[in-house]
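Spelled out from the first residue to the last, the chains are:
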Amino acid sequence: MASNFFQQQDLARRNTRVLITLFALAVLALIILTNLLVMLSFSLFQGGPVQLPWEVISSISLVVLAVVGLAIMAKWQQLKLGGRSVAEALGGVRLKPDAQDPLQRRLLNVVEEMALAANLPVPPVYLLAERGINAFAAGYSPADAVIGVTQGALEQLSRDELQGVIAHEFSHILNGDMRMNIRLIAVLNGILFIGHLGYYLLRAGRGASYARSRRNNNEGAGAIMLLGLGLVVIGYLGSFFGNLIKAAVSRQREYLADASAVQFSRNPSGIAGALKRIGGHQYGAKVQHANADEVSHLFFGEALSRWVAIFATHPPLEKRIRRLDPSWNGRYPSSQQPVKPTVSQTPEQPQERQRRAMLAAIPVLLSQSSHQTRPAQAIACALLLRTEQLANQLAQIKAYGGSQLLAEVDQLSDAVQRLALPQQVQLLQMSVPALKQLSESEFRAFDKLLRQLAGNTPDLAQWLNLSLLEHVVASEFDSKELVRQYNRQSLADLLPALLPLLSAVASAAGDSNKQQQAWQAALNALQLPADTTAPQVDFSRLDQALRPLLSAAPAIKQQVWQSILAAVAADQAATAAEQGLLNLLALLLELPVPLTADFH
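One structure accompanies this document, and this report is about it. (Residues numbered from 1 in each chain as written. Predicted model: local features only at pLDDT ≥ 70, side-chain atom pairs only at ≥ 80, totals over all residues. Heavy atoms only, no water.)

Attention now goes to the nonpolar core. Judged by nonpolar contacts, the single largest core of 89 residues is most densely connected at Cys 381, Leu 450, Trp 463, Trp 561 and Ile 564. Among the elements that line this core, the one with the most residues is helix α19 (residues 491-507), at 11 residues. Excluding residues that lie within four positions of it along the chain, Leu 450 makes contacts with Ala 380, Cys 381, Leu 384, Leu 466 and Leu 469. If you look at the next biggest cluster of nonpolar residues, it comprises 44 residues, including Val 110, Met 114, Leu 127 and Ala 135. (Core = buried A, V, L, I, M, F, W, Y, C linked by side-chain atoms within 4.5 Å. Buried < 20%, exposed > 50% of the residue type's maximum accessible area, 1.4 Å probe, protein only. Helix = DSSP H or I, 4+ residues; strand = E, 2+ residues; numbered from the N terminus. Contact = heavy atoms within 4.5 Å.)

This part is about the pattern of salt bridges. Within the structure shown, the criterion is met by 14 salt bridges. In this structure, Lys 276 engages Asp 325 in a salt bridge whose closest nitrogen and oxygen atoms are separated by 2.8 Å. In this pair, Lys 276 sits in helix α9 (residues 268-280) while Asp 325 sits in the loop between α10 (317-324) and α11 (350-360), placing the two residues 49 residues apart along the sequence. Like Asp 325, Lys 276 is buried. Its salt-bridge partner being Glu 440, residue Arg 444 comes within 3.7 Å of it at the nearest N-O pair. On the criterion of helical spacing, the pair formed by Arg 444 and Glu 440 is a turn pair, its members being 4 residues apart in helix α17 (residues 440-454). Taking relative accessible area as the criterion, Glu 440 reaches 41% and is therefore assigned partly exposed. A single network of salt bridges, built from pairs that share partners, joins Arg 84, Glu 88, Arg 94 and Glu 476. (Salt bridge = Lys/Arg side-chain N within 4 Å of Asp/Glu carboxyl O.)

What follows concerns empty space enclosed by the protein. Considering all chains together, one arrives at 6 cavities of 30 Å³ or more under this definition. Here the largest cavity defines a volume of roughly 170 Å³. In terms of lining, the largest cavity is formed by 16 residues, of which the most central are Gln 9, Pro 142, Ile 173, Arg 179 and Tyr 486. When residues of the lining of the largest cavity are traced back to their parent elements, those giving at least two are α6 (159-174) and α7 (177-212). The class makeup of the residues in the lining of the largest cavity is 10 nonpolar, 3 polar and 3 charged. (1 Å grid on protein atoms, 1.4 Å probe; cavity = no way out; pocket = protein on both sides within 12 Å on 5 of 7 lines; lining within 4 Å. Points joined across faces, edges and corners; volume = space filled by probe spheres on them. Nonpolar A, V, L, I, M, F, W, Y, C, P; charged D, E, K, R; others polar.)

We now examine the packing of helix α16 (residues 421-435) against helix α18 (residues 460-474). Two numbers describe how α16 lies on α18: the axes approach to 11 Å, and their chain directions differ by 35 degrees. As for how α16 packs across α18, the hand of that crossing is right-handed. Along the contact surface, α16 presents Leu 428, Val 432 and Leu 435, while α18 presents Asn 465, Leu 468, Leu 469, Val 472 and Val 473. Considered class by class, the residues forming the contact of α16 with α18 number 7 nonpolar, 1 polar and no charged. (Axes fitted to C-alpha atoms, helices over the stretch in contact; angles between N-to-C directions. Left-handed = near helix turned anticlockwise from the far one by under 90°.)

This part covers α17. For an α-helix, the turn length of 3.6 residues means that residues three or four places apart are oriented alike. For α17, with 15 residues, the first-to-last C-alpha span of 21 Å sits near the 21 Å given by 1.5 Å per residue. Those residues of α17 that fall on the buried side of the exposure criterion are Phe 443, Phe 446, Asp 447, Leu 449, Leu 450, Leu 453 and Ala 454. Around the axis of α17, the buried residues are gathered within 160 degrees of arc, so they sit on the same side. Turning to α17, the residues buried within the fold contact α13 (373-383), α14 (390-401), α15 (403-418), α16 and α18. Looking one or two places after α17, you find Gly 455, whose phi comes out positive at around 75 degrees. (Expected span 1.5 Å × (residues − 1). Arc of directions from axis to C-beta.)

What follows is about α6. With 16 residues, α6 extends 22 Å from end C-alpha to end C-alpha; this agrees with the ideal 22 Å at 1.5 Å per step. Within α6, 16 of the 16 residues are buried, which leaves it mostly tucked inside the rest of the structure. Note on α6: the residue one or two positions beyond its end, Gly 176, has a positive phi of about 80 degrees.

The next point concerns a nonpolar patch on the surface. Nonpolar side chains collect at one region of the surface, where Val 18, Leu 22, Leu 25, Leu 28, Ile 32, Leu 33, Leu 36, Leu 229, Val 233 and Leu 237 lie side by side and expose about 840 Å² of accessible area between them. Of all the secondary-structure elements, those providing two or more residues to the nonpolar patch are α1 (2-46) and α8 (219-265). Broken down by element, the nonpolar patch gets its largest block of residues, 7 residues, from α1. A relative accessible area of 47% places Val 18 in the partly exposed class. (Patch = residues over 30% accessible without salt bridge, like charges linked within 9 Å, V, L, I, M, F, W, Y side chains within 5 Å. Areas by Shrake-Rupley, 256 points an atom, 1.4 Å probe, with all protein chains shown as cover.)

Time to look at the pairing of strand β4 (residues 146-150). Extensive coverage of β4 is indicated by the burial of 5 of its 5 residues. Here β4 shows two buried faces, one formed by Val 146, Gly 148 and Thr 150 and the other by Ile 147 and Val 149. Pairing of strand β2 (residues 125-128) with β4, which is carried by 4 bridges, proceeds in the parallel orientation. Of the residues in β4, the one forming a bridge with Tyr 126 is Gly 148. When strand β3 (residues 135-138) meets β4, the two strands line up antiparallel, connected through 4 bridges. Bridging from a neighbouring strand, Ala 138 pairs with Val 146 of β4. (Pairing = 2+ DSSP bridges.)

Take the packing of aromatic side chains next. Inspection of the entire model under this criterion finds 5 aromatic pairs. Centre to centre, the rings of Trp 463 and Phe 539 are 5.8 Å apart; their planes meet at 40 degrees, and the pair counts as tilted. A residue pair is termed long-range when its members are at least 10 positions apart, and Trp 463 in helix α18 and Phe 539 in helix α21 (residues 539-550) qualify at 76 residues. Considered together, Trp 463 and Phe 539 belong to a single accessibility category, that of buried residues. Across the ring face of Tyr 486, the terminal group of Arg 179 is positioned such that the distance to the ring centre comes to 4.4 Å. (Phe/Tyr/Trp six-rings, centres within 6.5 Å; stacked < 30°, edge-to-face > 60°. Lys NZ or Arg CZ within 6 Å of the ring centre and 35° of its normal.)

Structure representation (structure tokens):
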């Protein structure tokens, strides 16, 4: 499964390149049409044909490029915080991680379960006040991803159906669709802005025509109105083709996400049931918010009514359902009263048992504490505690975090330390939404404390825990933390960043013989010379290496992952500690490797 997600991310990256190429062609067409329009407007004003000099044509072309570019940059700036920006633009309200409303609690539990199964940070969840049944995932990467769900989905779907929808959205995260979808929002805004400018000129032309009506001098106003009308037409022609591209790409990715959701849940009746529920619901999947149009391709179901099928961002319901349930009789269930959270009546699937077993391994006290901000901070601190440094670390918690945090750590640390590393990692994942509720100043102060606890020479697990928290939680406040695009570096270019990480992984293997065995296995996986020297483990150097590795292309990341696997599996003895390190490495490097994958 893992390789499939790497391949799908690479396909999404190639689709983005195609979209950029088509966008460039659309802008070129806008430039040509705008020059022709200006020529026609001047001809009307002068009363005869006008030949525009090249200087004027160049100026007009630059203006069009500037207008489109500025519109894209403005939208890009609005979306600088990724998924959170999209959810808030749709009027979404973030659910508190410890929400007690039964339907909201059920939703949060499902999202948490799916995040753990997908080995992703648990994303914040936003509720949209919409009666239609719909949902979306948005963000640049797993670090800033959010899940949005409508009130209609919350009330109309059973737990199995809701799980199918959430699995579909997590598939979009793992398949790399989110980054492409956000770029589409910005690019289409640039093309459509030409039409908005045309509307402005139309209004200006009408005003000028009214003011000059007494002097019978309407040629200039007429030219302005013609230019405005022409720009409206040009803008919407660009939007026409842009929406065609968006719809075609989106439809294929929806089929893929449906199939991937079944891989996760092993329960095709869940997602098929949700699609059937949409078909029988009074409001379908409709989203009424004014901003729904520009993000329509993000949703689980068709959010807008389309007058022509070619503009639909999603395949027809019937086709999606029959791919999941070939025996479907073609009838949709009628809308139901708001559902009550109940135990699922569907026989439990193996992967469902696995997800529940993962959660059951974590004590209730820790699970509940991870949903509250202060206890979540205590959990993060407890994960960094080491017996040989304990007295000094507790003094640092009191000095930098205060007596209340120290009391929380004292209450939770024993239970945290008793967990195996894989369960500690999952507990950290569960704590992310609560930690993202910190203010920026609170997080900076907390991060300073965590740095003090880890010290200058942390072990690999400490460094991974700390780096993961810094990357994922800081993305809530700092857009510089987000990886918005892939770099073009080859594997050879990335070796100065990769080899120190592999050296750190090999150093955690045990005695010197096992360390050398792990290092050689990693070299073999990368087809590097056997005499390549392992760099000295330097965690400050590793901090610098993270960025290029995070932004590596999917095909390169797959090679990185195979070298990590080779190093960890070199001793041919899969342990819980090794599994935990693999989970942390995949989380930190944003590698699409669900826990259902065969790691060894």
